[in-house]
Amino acid sequence: MERIVEPERQIVFRVPWVDDKGEIHVNRGFRIEFNSALGPYKGGLRFHPSVNFGVIKFLGFEQIFKNSLTDLPIGGAKGGADFDPKGKSDKEIMLFCQSFMTELYRHLGENTDVPAGDIGVGSREIGYLFGQYKRITNKFEAGVITGKGLRYGGSSVRTEATGYGLVFFVDEMLKTINETFEGKTCVVSGSGNVAIYTVEKIHQLGGKVIAVSDSDGYIYDKEGIDLDLLKQLKEVERRRIKDYIPYHKQAIYKPNGNIWEIPCDIALPCATQNELDENDAESLVKNGVIAIAEGANMPCTPAAIRVFEKAKVLFGPGKAANGGGVATSALEMEQNAGKTRWDFEYTENKLKKIMQGIFRRCSQAAIEYGFPNNYIVGAN
Ligand code: GLU
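Draft legend 1. Spatial organisation of the sheet that holds strand β2 (residues 24-35). With mixed pairing, the five strands of this open sheet are ordered in space as β1-β2-β4-β3-β5. Edge positions in the sheet fall to β1 (9-18) and β5 (113-116), since each of these pairs with one other strand and no more. The average undirected angle you get between the axes of adjacent strands in this sheet is 20 degrees. Looking at chain direction, strand β3 (residues 41-47) and β5 are connected through four bridges and run parallel. Bridge pairing in β5 links Gly43 to Pro115. Those strands touched by helix α3 (residues 90-104) are β1, β2, β3 and β4 (76-81), and its axis lies near 145 degrees from that of β1.

See below:
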C-alpha cells in the first residue's frame, strides 16, 4: 500500500506562451508518472482551468488500476495544465502545445512514458504535441504519444474507443439481467469525445439517447439526439450545445439544468468528476434507472454510489467501464511498434473483446471476494 500510493515521479513545470495580441501568459504543467510495474507510464493529458496537482493525482491513481484491468502492458500516469483552451485560436493552441512539449519531451519515450488526450486535448492538440516532440528529438517515434491522426500513426477506433467501450461494458452488465440496449431510453451527460461516441454506439444497438449536456446546460430531444448535428456542432465547429435548438423545434434547452432529473433506463455520466451527487442518484433511482456506468473519470460522488448500491441497480465504475480509450491507445502502441495498421472492423472487434475481458475480471473478482454483482469491489 505504501508503495502504490506514492507516485514514482512527479513533475511540475512552467509553460510560457504568447497569445494573438502578443501578450505573454504562464501556465503550470504537470505529469505524474505514478506506476510502471506493468509497462511504460500511460495516461492522458488534461487541459482545463480546474487542473491542479490533486486532480492529476486522483486521475493518475485511477489510471494505474484502469490500465491493469485491460490486461495490456501499460503502467499508470496522468498529466496536463491549468490552461483554458476555450475561445483560443488554433495558433494559440499550437504555441501552447509546443511550449508544453518543449519541457515535457525529456521525460517521454515509447518505452518510458506515453501520453494521450483527455479533457481539452484531442487529435489537434496531439498533432501539435507530437510535431514538437519530433522536431526536438529528430525522431519519428510514433509510439511516444497516442490519439494521433490516422495518417501519421494513429489507430482506427481510437477516437470512438472510450464511448464504444463504455457501451460494450454496459451491454455485458445488461446481459446479467437478460436485458439489452434495444428500446432503452438513455441519458448521456457531456458532449465531448466520450459522450459523442457513446451516443453513436447506443443508437447502433437500438437504444435512444434523449439528452446530452455541456457546462452551460442540457438539451432534451424526445425524438432522440441527432448525432450528425451534434458532431458538426461540437467536433467541427466547436460550438455550444444550445446551438442544437434552432435545428430541431421539438428539442428543449435548459440552461443550468440538471440532466439527471430526466427519467431514463440507463444513465451514463460522460462529462467530468463529481458531476452526479447523492440527490441526482436518488432521482435517477426514483425514476426507475436500471444501469449507470461512468464514461468520465469518477463522475459519481461516493454518496451517489452508495445510493446506487443500496438500490441494487447495475453500476459500472469508470476504471472498468471507460477503459476502452486507454486500451485502444495500447493497441495504437502495438501497431506503431510493428509499423503496421489495422482496419476499423478488426480493431473494433479487439476493443469489444477487451471490454468483455474487463467485465469478466470484475465480475469474477466480485464473486471471489464475496460481493457478487458489485463491479466496484470487483474492479478494485
Ligand atoms: N484520458 C483517457 C483516460 O482517462 C485515455 C488515456 C490514454 O489513452 O492514454 O483513460
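Draft legend 2. Up close: the sheet that holds strand β8 (residues 217-220). Taken together, seven strands build an open sheet; the order of strands is β9-β8-β7-β6-β10-β11-β12 and the sheet is mixed. Whereas interior strands pair on both sides, the edge strands pair on one side only; in this sheet they are β9 (252-255) and β12 (314-316). Between one strand and the next, the sheet's axes are offset by a mean angle of 15 degrees, whatever the strand orientation. Across two bridges, strand β10 (residues 266-269) lies against strand β11 (residues 291-293) in parallel orientation. In the sheet register, Ile266 faces β11, and the bridge partner there is Ala291. Contacts from helix α5 (residues 158-175) reach β10, β11 and β12 within the one sheet, and its direction differs from that of β11 by about 145 degrees.

Draft legend 3. Quick look at the nonpolar core. Of all hydrophobic cores here, the largest spans 56 residues; its most connected members are Met173, Val188, Val212 and Leu268. A per-element tally of this core places α5 first, with nine residues.

Draft legend 4. The arrangement of helix α6 (residues 193-204) in detail. The first and last C-alpha atoms of α6 sit 17 Å apart over twelve residues, in line with the 16 Å expected at 1.5 Å per residue. The buried count for α6 comes to nine of twelve residues, which makes it a mostly enclosed element. Among the residues of α6, those classed as buried are Val194, Ala195, Ile196, Tyr197, Thr198, Val199, Glu200, Lys201 and Ile202. The inward-facing, buried residues of α6 abut α5, β6 (185-189), β7 (208-214), α7 (227-236), β10 and α12 (344-368). Downstream of α6 by one or two residues, Gly206 has phi in the positive range, about 90 degrees.

Draft legend 5. Geometry of the pattern of salt bridges. Applying the stated criterion across every chain yields a total of 20 salt bridges. As a salt-bridge pair, Asp71 and Arg361 come within 3.9 Å of each other at their nearest N and O atoms. Of the two residues, Asp71 sits in the loop between α2 (53-69) and β4 while Arg361 sits in helix α12, which places them 290 residues apart along the sequence. Exposure remark for Arg361: the relative accessible area of 28% places this residue in the partly exposed category. In this structure, Glu200 engages Lys231 in a salt bridge whose closest nitrogen and oxygen atoms are separated by 2.5 Å. You can see Glu200 sitting in helix α6 and its partner Lys231 sitting in helix α7, a full 31 residues away along the chain. Across the pair, exposure class does not vary: Glu200 and Lys231 are buried alike.

About the thresholds
Throughout, a residue's number is its position along its own chain's written sequence, starting from 1. Only residues with pLDDT of at least 70 are given local features in this predicted model, and only at 80 or more are side-chain atom pairs given and counted; all residues enter the totals for whole chains, interfaces and linings. The side-chain quantities take in all heavy atoms of the structure and omit both hydrogens and water. Pairing between two strands requires that DSSP report at least two bridges joining them. Secondary structure elements follow DSSP: runs of H or I of four or more residues count as helices, runs of E of two or more count as strands, with numbering from the N terminus. Between N-to-C directions, angles cover 0 to 180 degrees, with each direction set by a line fitted to C-alpha atoms, over the stretch in contact for helices. By the convention used here, residues are in contact when the closest approach between their heavy atoms is within 4.5 Å. We call a set of buried Ala, Val, Leu, Ile, Met, Phe, Trp, Tyr and Cys residues a nonpolar core when their side-chain atoms join them within 4.5 Å. Three labels apply to residues, based on accessible area from a 1.4 Å probe with only protein chains included: buried if under 20% of the type maximum, exposed if over 50%, partly exposed otherwise in between. The span you would expect from a helix comes to 1.5 Å times its residue count less one. Salt bridges are identified by distance alone: a Lys or Arg side-chain nitrogen within 4 Å of an Asp or Glu carboxyl oxygen.

Keep in mind that these numbers describe shape and distance, not what the molecule does.
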